[in-house]
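Structure assessment
Letter by letter, the chains look like this.
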Amino acid sequence: MAKKKTTKEKSIEESLWDAANKLRGSIEPSEYKHVVLGLIFLKFASDKFEVRREELVAEGKEKYLEMKDFYNMKNVFFLAETSRWNYLIKNAKQDDIALKIDTALNQIEKNNPSLKGALPDNYFSRLGLDKSKLSSLLDTINKIDTQKDKSQDIVGRVYEYFLSKFALAEGKGKGEFYTPKSIVNLIAEMIEPYKGIIYDPACGSGGMFVQSIKFIESHHGSKREISIYGQEYTNTTYKLAKMNLAIRGISANLGEKAADTFSNDQHKDLKADYIMANPPFNQKDWRGPQELIDDPRWQGYEVPPKSNANYGWILNMVSKLSDDGVAGFILANGALSGSGEEYKIRRKLVENNLVEAIVILPQNMFYTTNISVTVWILNRNKTAHSRSIGDEERNYRDRQEEVLFMDLRQIGEPFEKKFIQFNPKHIQDIAKTYHDWQQENTDYKDIPEYCYSATKAAIEKKDFSLVPSKYIEFVNRDENIDFDSKMAGLQSELTDLLQQEEQSKKELLDVFKELGYAIKL
């Protein structure tokens, strides 16, 4: 009996990605992500609306069905009839479907003030999308039941998948808003944002916030005990962040509008307990020669050079740390050893006991650049104290005179053929090393090529360079090699290879000879 051929069923994410890809050619990946993510948002909002509507009917409250307060009180967005998904599906084949989608999004934003500035504005009509392809995409999204299994966070999963795939599709030089998930997870597990204020000065699509909430939930905390503040410069990415957070029920203050963190700081007096960020790498000319010279954020430090914003970002974050605040952020490796004003600022950061850990990451983790990057951990309170994180207790020792250096370049697994990512076990092990180092009575020890606890005096001797390889012990694997033994092994391997080649050659000549076409060498 012939074996029944089995075919792998596509996941929701894969089916959607295939449908979205049909739009390729007519618009750029950077454009169609807003198309797809806007429609997924519409479907999710509509499904939640219908569930609430059925609840009102079941409670005998039919007369309140068109009153938005009865939806908002349950954190559900109110949708006018022409904003609902079933209305759009009924009209999916009409010539003016793009206009109908724009109108639906506009109405939702008008009826729900918390979404102000979040949804694409007159976007679908302007793109001139192929009607049949758009209709096909609507059909595919229509198959997602966003309310089927609330514990699975289907919409959040789809959003995350799409943001990642779009960053890959956009390629080098674009998609700088997306920080690979395993790096965000690592930072969250290291700084443990559990209770208080979280801030991201370059929040992109809001991935740092999403992961913070996941961290809180995995440690049985409550997201009500967290306040989220962020800022984003690019208008379309700002909208993406608002949709990304709204879809997951995360409330956040991202400022009144998309704005530059340096020239228009929308959270001037904020003091945050946790800062997570992936600011643009090596941003040039981020201020004019005479601009921001007296900015209070640099108080006590040199003015960051206008040639590179790295230290502007660092001091912006330092200025917003609360007394117990901790920051985990990513910067290009150049910031570890820059000269001039950068050197002077870095020296003061070390002298002020703010630098807690410097963690160098493997190359090829980012989809948009292959430059080497580092996670910096700054901590305002490196003194001995205790803290509870869910069921876990942290008993920190005094680390004011120390900095932990970690080298993760040998850690990671392949992802999407040419990229590297950390798996959950990697993240758990790295975070454990860091937390062991922070605490009393653990089995932390320096490990060659992985981690080293350097004193402030040792860092001063290296002229305040924070390059991990200057501190972490290097193992010279060539040192103990037995040359004769190594050469004998190579001799044996090559002899075997050459003998096999000779045999293959003889067999090939015999075949041609038998066919009557002998080859004469």
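For the structure itself, look to the data block above.
Just so you know, these numbers come straight off a predicted model, no measurement behind them.

**Thoughts on helix α9 (residues 181-191)**
- Counted residue by residue, α9 has nine buried out of 11 residues, so it is predominantly covered.
- Within α9 the residues assigned to the buried category are Ser 182, Ile 183, Val 184, Asn 185, Leu 186, Ile 187, Ala 188, Met 190 and Ile 191.
- One or two steps after α9, the chain reaches Glu 192, where phi turns positive at roughly 50 degrees.

**Things to note about the environment of Leu 88**
- Positionally, Leu 88 belongs in helix α4 (residues 85-90).
- Look at Leu 88 and you get buried, because its relative accessible area is 0%.
- Sequence separation of Leu 88 and Ser 135 is 47 residues, and the distance between their C-alpha atoms is 9.7 Å.
- Apart from residues lying up to four places away in sequence, Leu 88 is in contact with Leu 42, Thr 82, Ile 97, Lys 100, Ile 101 and Ala 104.

**Some remarks on a nonpolar patch on the surface**
- Where nonpolar side chains cluster on the molecular surface, the patch consists of Leu 508, Val 511, Phe 512, Leu 515, Tyr 517, Ile 519 and Leu 521 and spans about 770 Å² of accessible area.
- Relative to the elements of secondary structure, Leu 521 occurs in the segment after α16 (483-514).

**Overview of the pairing of strand β1 (residues 196-200)**
- Summarising burial for β1: four of the five residues are buried, a large majority.
- Across five bridges, the pairing between β1 and strand β2 (residues 226-230) is parallel. Paired with Tyr 199 across the strands is Tyr 229, a residue of β2.
- With helix α10 (residues 207-218) bridging β1 and the parallel β2, this β-α-β connection has right-handed handedness.
- With two bridges joining them, β1 and strand β3 (residues 272-277) adopt parallel strand pairing. Opposite Ile 198, over in β3, you have Tyr 274 as the bridge partner.

Cut-off values and rules
Residues numbered from 1 in each chain as written. Predicted model: local features only at pLDDT ≥ 70, side-chain atom pairs only at ≥ 80, totals over all residues. Heavy atoms only, no water. Buried < 20%, exposed > 50% of the residue type's maximum accessible area, 1.4 Å probe, protein only. Helix = DSSP H or I, 4+ residues; strand = E, 2+ residues; numbered from the N terminus. Contact = heavy atoms within 4.5 Å. Patch = residues over 30% accessible without salt bridge, like charges linked within 9 Å, V, L, I, M, F, W, Y side chains within 5 Å. Areas by Shrake-Rupley, 256 points an atom, 1.4 Å probe, with all protein chains shown as cover. Salt bridge = Lys/Arg side-chain N within 4 Å of Asp/Glu carboxyl O. Pairing = 2+ DSSP bridges. Right-handed = clockwise from strand over helix to strand, strands pointing away.

By themselves these figures say nothing about function.
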